[in-house]
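# Architecture and fold: a report
What follows is the residue order along each chain.
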Amino acid sequence: MCGITGWISYDNDLTGATERDTLDAMTATMACRGPDAAGRWTDTHAALGHRRLAVIDIEGGKQPMTVERDGHTVLVTTYSGEIYNYRELRAELIDRGHAFRTSSDTEVALHAYLEWGEGFTHHLNGMYAFALWDPREQQLLLVRDRMGIKPLYYYPTPDGVLFGSEPKAILAHPAVRPAVDADGLAELLAFTKTPGHAVYKGMYELRPGHVLRVRRQGLTEHRYWALEARDHTDDTSSTVHRVRELLDDIVARQLIADVPLCTLLSGGLDSSAITALAARGLKDAGRGPVRSFAVDFVGQTEHFKADALRATPDSPYAHALAEHVGADHQDIVLDTAALMNPAHRRATLTARDLPFGSGESDTSLYLLFKAIRDRSTVALSGESADEVFGGYSWFHDPRAVAADTFPWLSVFRDFGFTGSPTGGREALLHPGLLAKLDLDGYQAARYREALSEVPYREGDPAAERRMREICYLHLTRFVQFLLDRKDRASMAVGLEVRVPFCDHRLVEYVFNTPWSLKTFDGREKSLLRAATRDVLPESVAQRVKSPYPSTQDPRYSDAVRAELRELLADPDAPVRPLLDTDAARRAAEEGSEDARQPIEVVLGLDAWLRQYDVDLTL
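Residues numbered from 1 in each chain as written. Predicted model: local features only at pLDDT ≥ 70, side-chain atom pairs only at ≥ 80, totals over all residues. Heavy atoms only, no water.

## Notes on the overall build of the chain
Secondary structure summary: the chain contains 24 helices and 19 strands in total. Taking 618 residues into account, the globule formula puts the C-alpha radius of gyration at 25 Å, and the chain, at 24 Å, falls close to it. Taken over the C-alpha atoms alone, the chain extends approximately 75 × 60 × 50 Å along its principal axes. Across the 618 residues that make up the chain, the buried fraction comes to 61%. (Helix = DSSP H or I, 4+ residues; strand = E, 2+ residues; numbered from the N terminus. Rg over C-alpha atoms; globule rule 2.2 N^0.38 Å. Buried < 20%, exposed > 50% of the residue type's maximum accessible area, 1.4 Å probe, protein only.)

This is the structure:
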């Protein structure tokens, strides 16, 4: 995994010292994603930067990487990601006459483009975001993987484009100011992930499964992959068998690495299935026991209190799975002091470039990955199984399914997370600001856009059509929150996280499986449970879904209220104009746990406005 950035300018020469310094500054912001090496390649109208995290072909995979013919550069790439079928593609390309000088998957991407042109994306299986510069055509291609596992942003300019793995790379260019308008702030607060929207004004996120072509004449974007409606003819037994067959192949491919590898293990069905399959694969390959890691909080297991979201603590189940498969397991135990440490909170904000108001859940994920990085460079995660197999409670809640909005918003409002009668996570923002942003209207518009994309099968009954919509919304909207969060937190410390459940073959197959098959045993994630039951202890196989853990230490809530009081005492706090100050003062003084999320939103916004010097144009 790596960090990429670059600059195309058709009206300027980018080989000068000033331009190289600018490229170096952009590339330096990606050092967290690539701590092992830095590289740059410049030509008259193209400047490509790269920071490398060496995972495959440690010596040969340096970047930017070129292909030379007859003494001329015919193609250059700055590449981030992994192509899991690169060995097969390499063999096929050799048969077609291509010669390779490295063993890296990066070089395979270059030669795949030379062989198949822009259709090369259909041959790739993996997670990736990269740029290809063709000096012969004076053309840049920006490419993003099908599910959007790896991020990629771009900023059109009058004579070209700026791009980077993360917004910070683009914001390092002197021509770009971090500006956010009302539409951007609404996107940030509404808990809707709009494909292509980057929050910052003038900046865009390349949509999953898309290619952006940059030429002197301008920018054009096309989609090379989308979920399609297909007939599912397999019976229950055959479907379960096919899911397991796919998972075995996917995990085997994603265990390939020339560096230490581990799994993220929460003790839930998803991460346990991946850990168990990885343990089996590593054992068969003679590579020793699987390493696994879990996050926990001081006193959490001993003093755990069940709530509406989490019925059980993670640790007992993670330990049961680790013992079952013989994993080398370690709990990363965090305390409130670590979660409130200003340096850790600042690093978390820097990792994401935006304040999502998630507070300690983001900080704890960052600290978990920071601890893991001391022992491993690659981690396999169970992320996205809930979206693929229908694991969240709202998939099975008739009210949420029938709601005329994103189903998660319906449930979150019930929990007071967002848009609740008492204001939810926006409760401390000024009523005038909320009226201007019209978050309900913004969410409704994004919901209608998403529904307009859903592919249907002719003849499906209304209930099946609705569940197809619910699944599509999760696979194209909700999962993007989680993939982005996990990528940023992990790459902030140079840890590559792989997500086997996002393999497009599995996603396509399960998406077109009827809902009755996805719930054939009367529960959530029926197919995944049946496909992996043989490698799991019964307690883990039967465990009810529990989200990522959150600290229950009352001292954490006390600490965020104290920080809010400090903010309110500062007349120059940049978030002050956005606040309902009376509501904020009440939240700072009262001991209600319900205020924790709204306070986190305020603290996050203030830190972001300070740290990024954001121009708000509302």
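## Considering the packing of helix 6 (residues 236–254) against helix 7 (residues 269–284)
Where helix 6 contacts helix 7, the axes come no closer than 10 Å and their chain directions differ by 65°. In this structure, helix 6 meets helix 7 at a crossing whose hand is right-handed. When helix 6 is examined against helix 7, the residues Arg244, Leu247, Asp248 and Val251 are found in contact with a partner set consisting of Ile274, Leu277, Ala278 and Arg280. The residue makeup of the contact of helix 6 with helix 7, split by class, is five nonpolar, no polar and three charged. (Axes fitted to C-alpha atoms, helices over the stretch in contact; angles between N-to-C directions. Left-handed = near helix turned anticlockwise from the far one by under 90°. Contact = heavy atoms within 4.5 Å. Nonpolar A, V, L, I, M, F, W, Y, C, P; charged D, E, K, R; others polar.)

## A word on unusual backbone geometry
Going from glutamine 63 to proline 64, the amide bond is cis rather than trans, its omega being -5°. For proline 64, the position within the fold is in the loop between strand 3 (46–52) and strand 4 (65–69). If you check the backbone angles, lysine 525 has positive phi at about 55° while not being a glycine. Structurally, the position occupied by lysine 525 is in the loop between helix 19 (515–518) and helix 20 (526–532).

## A closer look at the pattern of salt bridges
If you walk through the whole model with that rule in mind, you get 55 salt bridges. Here arginine 216 makes a salt bridge to aspartate 11, at a shortest N to O gap of 3.8 Å. Pair noted here: arginine 216 is in the loop between strand 12 (210–215) and strand 13 (218–223) and aspartate 11 is in the loop between strand 1 (2–9) and helix 1 (17–28), with a separation of 205 residues, a long-range link. Summarising the burial analysis for this pair, arginine 216 and aspartate 11 share the class exposed. (Salt bridge = Lys/Arg side-chain N within 4 Å of Asp/Glu carboxyl O.)

## As for the nonpolar core
With 109 residues, the main nonpolar core has Phe120, Phe389, Trp394, Trp408, Phe478 and Leu506 as its most contacted residues. With twelve residues, helix 17 (residues 462–491) is the largest single contributor of residues to this core. Every residue in contact with tryptophan 394, bar those within four places of it in the chain, is listed here: Ala400, Val401, Pro407, Trp408, Val411, Phe412, His474 and Phe478. Listed in part, the 75 residues of the second largest apolar core include Phe297, Met340, Ala573 and Val575. (Core = buried A, V, L, I, M, F, W, Y, C linked by side-chain atoms within 4.5 Å.)

## Remarks on the sheet that holds strand 1
An order of 2-3-1-9-8-11 is seen for the six strands of this open sheet, with the pairing classed as antiparallel. The open sheet has two edge strands with one neighbour each: strand 2 (37–42) and strand 11 (204–205). Bridge analysis of strand 8 (residues 153–157) against strand 9 (residues 160–164) gives five bridges, and the strand direction is antiparallel. Its bridge partner lying in strand 9, tyrosine 153 is registered against glycine 164. (Pairing = 2+ DSSP bridges.)

## What about the sheet that holds strand 14 (residues 261–264)?
In spatial order, the strands read 16-15-14-17-18; together these five strands make up an open sheet with parallel pairing. Each of the sheet's edge strands pairs with one partner strand only, and the pair in question is strand 16 (328–334) and strand 18 (496–498). Each strand axis lies, on average, 30° off the axis of its neighbour in the sheet, ignoring direction. With three bridges joining them, strand 14 and strand 17 (residues 378–380) adopt parallel strand pairing. Within strand 17, the residue paired with cysteine 262 across the bridge is alanine 379. Along the sheet, helix 11 (residues 360–372) makes contact with strand 14, strand 15 (291–297), strand 16 and strand 18, crossing strand 15 at roughly 145°.

## Quick notes on the packing of helix 22 (residues 554–568) against helix 23 (residues 581–589)
Viewed as axis vectors pointing N to C, helix 22 and helix 23 meet at an angle of 140°, and their least axial separation amounts to 8 Å. For helix 22 against helix 23, the interelement crossing comes out left-handed. Residues Arg561, Leu564, Arg565 and Leu568 of helix 22 pack against Ala584, Arg585, Ala587, Ala588 and Glu589 of helix 23. For the contact of helix 22 with helix 23, the residue count by class is five nonpolar, no polar and four charged.

## Re the side chain of serine 104
Note that serine 104 resides in the loop between helix 2 (86–95) and helix 3 (105–116). Judged by relative accessible area, which is 1%, serine 104 ranks as buried. Side chain to side chain, serine 104 and threonine 102 meet in a polar contact 3.0 Å long. Sequence-distant contacts of serine 104, that is, excluding residues within four places in its chain, are made with Ile56, Asp57, Gly61, Met65 and Tyr86. (Polar contact = N/O pair within 3.5 Å; in protein donor to acceptor, adjacent residues only side chain to side chain.)

## Remarks on the environment of lysine 486
With respect to the helices and strands, the residue lysine 486 is situated in helix 17. Residue class for lysine 486 comes out buried when judged on its relative accessible area of 13%. For the pair lysine 486 and serine 381, spaced 105 residues apart in sequence, the C-alpha separation works out to 9.4 Å. Setting aside residues up to four positions removed in sequence, lysine 486 forms contacts with Leu264, Leu365, Phe369, Ser381, Glu383 and Val497. A polar atom in the side chain of lysine 486 sits 3.1 Å from the side chain of glutamate 383.

## With respect to the pairing of strand 5 (residues 72–83)
Across the twelve residues of strand 5, ten count as buried, placing the element largely inside the fold. Pairing between strand 4 and strand 5: five bridges, direction antiparallel. Bridged to methionine 65 within strand 5 is threonine 77. Between strand 4 and strand 5, which pair antiparallel in sequence order, lie two residues; one of them, aspartate 70, sits at a positive phi of approximately 55°. With eight bridges connecting them, strand 5 and strand 6 (residues 126–134) associate as antiparallel partners. Bridge assignment links valine 76 to a residue of strand 6, and that residue is tryptophan 133.

## A look at helix 2
For helix 2, the full list of buried residues reads Tyr86, Leu89 and Leu93. For helix 2, the buried positions fall inside an angular range of 60° around the axis, keeping them on one side. Counted as exposed and oriented over 90 degrees from the buried face of helix 2: Arg87 and Asp95. Where helix 2 is buried, its residues meet strand 5 and helix 3. Of the residues one or two after helix 2, glycine 97 is the one with positive phi, at around 105°. (Arc of directions from axis to C-beta.)

Functional significance is not addressed by these values, which are geometric in nature.
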